[in-house]
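Next come the chains, spelled out residue by residue.
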Amino acid sequence: MNSSLSARPLWPTANRTTRPLFGPSWFAAVMGTGIVANAAVTLPRSFHGLRTAATVVWVGAALLLILLTVGYLRQRALRLHAADPVMAQFFGAPPMALLTVGAGALLLGRRLIGLEVALDVDWALWSLGTVLGLVTACTVPYLMVTRHRFAPDAAFGGWLMPVVPPMVSAATGALLVPYAPAGQLRLALLLGCYAMLGLGLVATLLVLAMIYGRLVHHEAPTGAVVPTVWIGAGALGQSVTALGALAAVAPSALPVPYAQGTAVFALLAGIVVWGFAMLWLVLATGLTVRTIRAGLPFAPTWWSFIFPVGACVTATGTLAALTGSELFIWTAVVFYVPLVVSWVVVAARSLRHAAGQVRRRPGEADPLLDVPTVLSGTVRTTTDGRPVPEARVTLLDPAGDVVGVTLTAEDGSYAFTDLEGDHYTLVATGYPARTTPLTLDGTGRGAFDLTLAHDEN
């Protein structure tokens, strides 16, 4: 179970912690930057200079994608993050970052690099992002079922991250349908996008039910977890965008009656889902305002404000194109204004955080403290309070990055030393499950020892 704790000065009782590793959640910065650019193209009202500015923003998203990809691969923290039940949820961010930048190449980049190069870039990023997204959508839930253990109040908006990428693949894949070879290949691409839309949408509704149950039956989320509630609105908005985009290209691959049916389905289902997205948006706004009053620490989860609002812009623009309604037209424009403002604020805070991480030296002490800061405690069972030896304890900073990992002692105790901040998140996990085949000898008695161990990082 996750709990936010405050560290207090104590004398050191364990080894020094390592320099923080940045997690996959930072790829949400690429998603947010890319959606600001892409949403400008889908606005039902055009504004002077907006497309040029959007192109510049897309170039920035592409460069950021390259920078984060190289940095994340160099730190070789994939297995460490996969073993963490919280960090693993954000593996959905890299695929969506690839898909968002790829779509921008076709929507905006073609003016810079030409249509043929833009198509090649989009095909490559869409294919890679789709494969990674499907792997994430299947693997992370499997890990949640077989290896990770969660308390009744553990559900949060981050649980949506692994299952949303297929919907983003459906929406961005629609851009490539007209460029696919006519016939069976184009039809397969269209139907595959619809299948991925169904995968993501049904899974999203299941997770939203769990998140809503957590909100109703337990205390309201606080701190850096609150922005993740917005992801629900983004997932719903993305489904509306995908429905409209696929309906627009369906006539090039489906017979007339079915192509007309996709347009009807996109309109009726889109309006229904859009209404639900607005309800979730109001709920997320209320929780955020409540948390801001109490204090909202910066974390990469702040990027959860950006992509969901961008998805609501594209969803509203899709309905405006289907209906011609002035209500949807101006709602999309109104949504785009806070999207840009929020992006500027979050991007500025992210740059400040990154600059602070670059200036900070490994092992550098906080000059305001006379003694090293240590966080220590004991991991116990919820049934009888017995200490749990050799449990894996992961310490995350307010940005969601891994500060250190340790195993509990025989008495269930753990300790992290030389900490530089005041607020952290602890994640404690037991042994992952092990499966070993065996054969009984038929004598009526059998004995077999099992050895449990944590995966090596």
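The model shown is predicted, which means the values in this text are computed figures rather than measured ones. (Residues numbered from 1 in each chain as written. Predicted model: local features only at pLDDT ≥ 70, side-chain atom pairs only at ≥ 80, totals over all residues. Heavy atoms only, no water.)

With that settled, consider the side chain of S350. For S350, the location among the structural elements is in helix α11 (residues 326-359). Those residues in contact with S350 that lie beyond four places of it in its chain are W26, F298 and W303. (Helix = DSSP H or I, 4+ residues; strand = E, 2+ residues; numbered from the N terminus. Contact = heavy atoms within 4.5 Å.)

Here we come to the pairing of strand β4 (residues 392-396). Of all 5 residues making up β4, 5 are buried, and the element is well covered by its neighbours. Neither face of β4 is exposed, since R392, T394 and L396 on one face and V393 and L395 on the opposite face are all buried. Of the pairings in the sheet, the one linking β4 to strand β5 (residues 402-407) comprises 5 bridges and is antiparallel in character. In the strand pairing of β5, R392 is matched with L407. (Buried < 20%, exposed > 50% of the residue type's maximum accessible area, 1.4 Å probe, protein only. Pairing = 2+ DSSP bridges.)

Bringing empty space enclosed by the protein into the picture now. Overall, the coordinates contain 2 cavities of 30 Å³ or more when judged by the stated rule. Taken as a whole, the largest cavity holds about 170 Å³ of empty space. Contributing to the lining of the largest cavity are 16 residues, with M31, M161, I231, S304 and F307 lying nearest its centre. The residue inventory of the lining of the largest cavity, partitioned by class, reads 12 nonpolar, 4 polar and no charged. (1 Å grid on protein atoms, 1.4 Å probe; cavity = no way out; pocket = protein on both sides within 12 Å on 5 of 7 lines; lining within 4 Å. Points joined across faces, edges and corners; volume = space filled by probe spheres on them. Nonpolar A, V, L, I, M, F, W, Y, C, P; charged D, E, K, R; others polar.)

Turning our attention to the packing of helix α1 (residues 28-42) against helix α2 (residues 50-75). Put simply, α1 and α2 touch, their axes get as near as 8 Å, and they point 160 degrees apart. Classed by the angle they form, the pair α1 and α2 counts as roughly antiparallel. As for how α1 packs across α2, the hand of that crossing is left-handed. Contacts between α1 and α2 pair A29, V30, T33, G34, V36, A37, A40 and V41 from the former with L50, R51, A54, V57, W58, A61, L64, L65 and L68 from the latter. A breakdown of the residues in the contact of α1 with α2 according to their chemical character gives 14 nonpolar, 2 polar and 1 charged. (Axes fitted to C-alpha atoms, helices over the stretch in contact; angles between N-to-C directions. Parallel < 35°, antiparallel > 145°, perpendicular 65-115°, else oblique. Left-handed = near helix turned anticlockwise from the far one by under 90°.)

Over its 18 residues, helix α10 (residues 306-323) extends 26 Å from the first C-alpha to the last, a length consistent with the 26 Å expected when each residue adds 1.5 Å. Counting buried residues along α10, 15 of its 18 residues qualify, which places the element largely inside the surrounding structure. One or two residues past the end of α10 sits G324, with phi positive at roughly 70 degrees. (Expected span 1.5 Å × (residues − 1).)

Here the focus is the nonpolar core. In terms of nonpolar packing, the biggest core is built from 115 residues, with M31, V101, W303, I306, Y336 and L339 touching the most fellow members. Per element, the largest residue contribution to this core is 11 residues, and it comes from helix α9 (residues 256-294). Among all residues touching I306, those that are not within four sequence positions of it are G32, I35, V36, L339, S342, W343 and V346. If you look at the next biggest cluster of nonpolar residues, it comprises 10 residues, including L375, V379, Y424 and L426. (Core = buried A, V, L, I, M, F, W, Y, C linked by side-chain atoms within 4.5 Å.)

This brings us to the packing of aromatic side chains. What characterises a pair of aromatic rings is the spacing of the ring centres plus the angle enclosed by the ring planes. What the rule picks out here adds up to 10 aromatic pairs. Taking the centre distance of 6.3 Å and the plane angle of 80 degrees together, the rings of F27 and Y72 count as edge-to-face. Of this pair, F27 sits in the loop between β2 (8-9) and α1 while Y72 sits in helix α2, and the two are 45 residues apart along the sequence. Like Y72, F27 is buried. Ring geometry for F276 versus W280: centroids 6.3 Å apart, planes at 80 degrees, classification edge-to-face. With a gap of 4 residues between them, F276 and W280 both fall in helix α9, about one helical turn apart. (Phe/Tyr/Trp six-rings, centres within 6.5 Å; stacked < 30°, edge-to-face > 60°.)

Our focus in this paragraph is the confidence of the model for the chain. Overall, the predicted model of the chain reaches an average pLDDT of 85, with 83% of residues at or above 70. Low pLDDT (under 50) marks residues 365-372, which in the prediction has 8 contacts with non-local residues, meaning those over four places away or in another chain. (pLDDT = per-residue confidence, 0-100.)

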